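# A closer look at the structure
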Amino acid sequence: QVQLVESGGGRVQAGGSLKLSCAASGSIFSINAMDWYRQAAGKQRELVAAATSGGGTNYADSVKGRFTISRDNAKNTMYLQMNSLKPEDTSVYYCYAEIMSHDGALRGYWGQGTQVTVSS
C-alpha cells in the first residue's frame, strides 16, 4: 500500500509565499515522476510543475519564475515553493507520483489535496 500525504497549504495575502510538501510512504521500490497539479473551483485540474527522478523540471507558463519544484529522493518527498502568490493561484493543490512497488507494479497515486487561498 502506498500513500501520498500533502501538507503546507493555507491562506496568504497576495505577494506572499507558501511551501507545500508531499511525502510518499508504503511499499515503495522506486519513484519515477512526481508532479504538482491544482484545481480551482469550477475548473479542470491542471499541471503546475513536474519533476523527474533524474532532476529535470517543467512548469506551467503561469507559474514560471514564481514556483520551484524539488525532490528529496532519500525521503521520498517532493516540495513546491510558491512565491509571489496571486489570487488566481487559489486552488486545491494535489501531488501525483508514479511509483513502482516491491511487487514490480508501476502505478499512479494521488494525494488528498491541500487548499491554497490567496487573498488580494
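As shown above, the structure is provided for reference.
Here is a short report on the structure shown in this document. These numbers come from a predicted model, not from an experiment. (Residues numbered from 1 in each chain as written. Predicted model: local features only at pLDDT ≥ 70, side-chain atom pairs only at ≥ 80, totals over all residues. Heavy atoms only, no water.)

### What to know about the sheet that holds strand E7 (residues 67–72)
The sheet built from four strands is open, its strands ordered E1-E3-E8-E7 with antiparallel pairing. The two strands at the open ends of the sheet, each matched to only one other strand, are strand E1 (2–7) and E7. Between one strand axis and the next, the sheet turns through 15° on average, direction left out of account. Examined bridge by bridge, strand E3 (residues 18–26) and strand E8 (residues 77–82) share six bridges and lie antiparallel to one another. Along E8, the bridge assignment pairs Cys22 with Met78. (Pairing = 2+ DSSP bridges. Helix = DSSP H or I, 4+ residues; strand = E, 2+ residues; numbered from the N terminus. Axes fitted to C-alpha atoms, helices over the stretch in contact; angles between N-to-C directions.)

### Focus: the pattern of salt bridges
Under the criterion given, the structure shown has five salt bridges. Two residues, Asp89 and Arg38, come together in a salt bridge whose shortest N-O distance is 3.0 Å. Of this pair, Asp89 sits in the loop between E8 and strand E9 (91–100) while Arg38 sits in strand E4 (residues 30–39), placing them 51 residues apart in sequence. Across the pair, Arg38 and Asp89 agree in class, each one buried. With a shortest N-O distance of 3.5 Å, Asp103 and Arg107 are connected by a salt bridge. Here Asp103 falls in the exposed class, since its relative accessible area comes to 55%. According to the relative accessible area criterion, Arg107 is partly exposed, its value standing at 38%. A network of salt bridges, in which partner residues are shared, links Arg38, Glu46, Arg66 and Asp89. (Salt bridge = Lys/Arg side-chain N within 4 Å of Asp/Glu carboxyl O. Buried < 20%, exposed > 50% of the residue type's maximum accessible area, 1.4 Å probe, protein only.)

### Observations regarding the side chain of Thr114
Within the fold, Thr114 resides in strand E11 (residues 114–119). Among the residues examined, Thr114 registers a relative accessible area of 11% and is labelled buried. Among the polar contacts listed, one links the side chain of Thr114 to the backbone nitrogen of Gly9, at a separation of 3.3 Å. Residue contacts for Thr114: discarding those within four places in its chain leaves Glu6, Gly9, Leu20, Ser91, Val92 and Tyr93. (Polar contact = N/O pair within 3.5 Å; in protein donor to acceptor, adjacent residues only side chain to side chain. Contact = heavy atoms within 4.5 Å.)

### Looking at the packing of aromatic side chains
Per the counting criterion, the structure on display carries four aromatic pairs. Cluster of aromatic residues (ring-pair linked, three or more members): Tyr37, Tyr94, Tyr96 and Trp110. Residue placement shows Lys19 over the ring face of Tyr79; its charged tip is 4.8 Å from the ring centre. Geometry around Trp110 places Arg45 over its ring, the cationic atom sitting 4.6 Å from the centre. (Phe/Tyr/Trp six-rings, centres within 6.5 Å; stacked < 30°, edge-to-face > 60°. Lys NZ or Arg CZ within 6 Å of the ring centre and 35° of its normal.)

### As for the state of the cysteines
All chains considered together, the criterion is met by one disulfide. Note on cysteine connectivity: Cys22 is disulfide-linked to Cys95, with sulfurs 2.2 Å apart. Of note, the bridge from Cys22 to Cys95 carries an S-S torsion of about 60° and is right-handed in sense. Taken together, the positions of Cys22 in strand E3 and Cys95 in strand E9 put the pair 73 residues apart, joining distant regions of the chain. The same class applies to Cys22 as to Cys95, namely buried. (Disulfide = S-S within 2.5 Å.)

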